[in-house]
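Observations on the three-dimensional arrangement
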Amino acid sequence: VQLQASGGGLVQAGGSLRLSCVAPGLTFSNYAVGWFRQAPGKERDLVAVVSWSGGSTYYADSVRGRFTVSRDNAKSTVYLQMNSLKSEDTAVYYCAADQRGLGYFITPKNEHDYWGQGTQVTVSS
């Protein structure tokens, strides 16, 4: 199973984008889902996580207050709404799913059950 991330693109600083992550063939409601990003020459960083129910979320300090993660389990889709985008948000964004829950995402360098292929977000200043 591979997750499918979409919704990236080119946007001006201050603009918004909404990313989507779908999981064909996966019982999505059993998994916490996290969003990561990786800029050229940098390590992959955790951006946001949503619990299996959607009732709990986690955000990196760099995006808290600007990004919102949510999910619709009926549609097996997780969203990342990105507002007030900055040039430093430019990266490839990936989603990942893990049955071990939200807390497992917060420990650095943990691997996860399933990954998406990534979607490019470019913010022009």
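Shown above is the structure to which this text applies.
The rules behind these values
Residues numbered from 1 in each chain as written. Predicted model: local features only at pLDDT ≥ 70, side-chain atom pairs only at ≥ 80, totals over all residues. Heavy atoms only, no water. Buried < 20%, exposed > 50% of the residue type's maximum accessible area, 1.4 Å probe, protein only. Helix = DSSP H or I, 4+ residues; strand = E, 2+ residues; numbered from the N terminus. Pairing = 2+ DSSP bridges. Core = buried A, V, L, I, M, F, W, Y, C linked by side-chain atoms within 4.5 Å. Contact = heavy atoms within 4.5 Å. Phe/Tyr/Trp six-rings, centres within 6.5 Å; stacked < 30°, edge-to-face > 60°.

1. Regarding the pairing of strand β9 (residues 91–98)
In summary, the side chains of a regular strand alternate between the two faces of the sheet. Among the eight residues in β9, six count as buried, and that is most of the element. The pairing of strand β4 (residues 32–38) with β9 spans seven bridges and is antiparallel. What sits directly across from Trp35, in β9, is Cys95. As paired elements, β9 and strand β11 (residues 119–124) share three bridges and run antiparallel to each other. Pairing of Val92 across the sheet is with Gln120, part of β11. The pairing of β9 with strand β10 (residues 114–115) spans two bridges and is antiparallel. What sits directly across from Ala97, in β10, is Tyr114.

2. A few points about the nonpolar core
With 30 residues, the main nonpolar core has Phe28, Trp35, Leu80, Met82 and Tyr93 as its most contacted residues. Elements that contribute at least two residues to this core include exactly β3 (17–22), β4, β5 (45–50), β7 (67–72), β8 (77–82), β9 and β11. For this core, the element with the highest residue contribution is β9, accounting for four residues. If we ignore the near neighbours within four places in the chain, the residues touching Tyr93 are Ala5, Leu19, Trp35, Phe36, Arg37, Val47, Phe67, Leu80, Met82, Gly118, Thr119 and Val121. Ranked by size, the runner-up nonpolar core spans eight residues in total, among them Leu46, Ala96, Phe105 and Trp115.

3. Quick word on the packing of aromatic side chains
Scanning the model with the defined rule gives three aromatic pairs in all. With 6.1 Å between their ring centres and 40° between their planes, Phe36 and Phe105 make a pair best called tilted. With Phe36 in strand β4 and Phe105 in helix α1 (residues 102–106), this residue pair connects regions lying 69 residues apart in the sequence. We classify Phe105 as buried; its relative accessible area is 2%.

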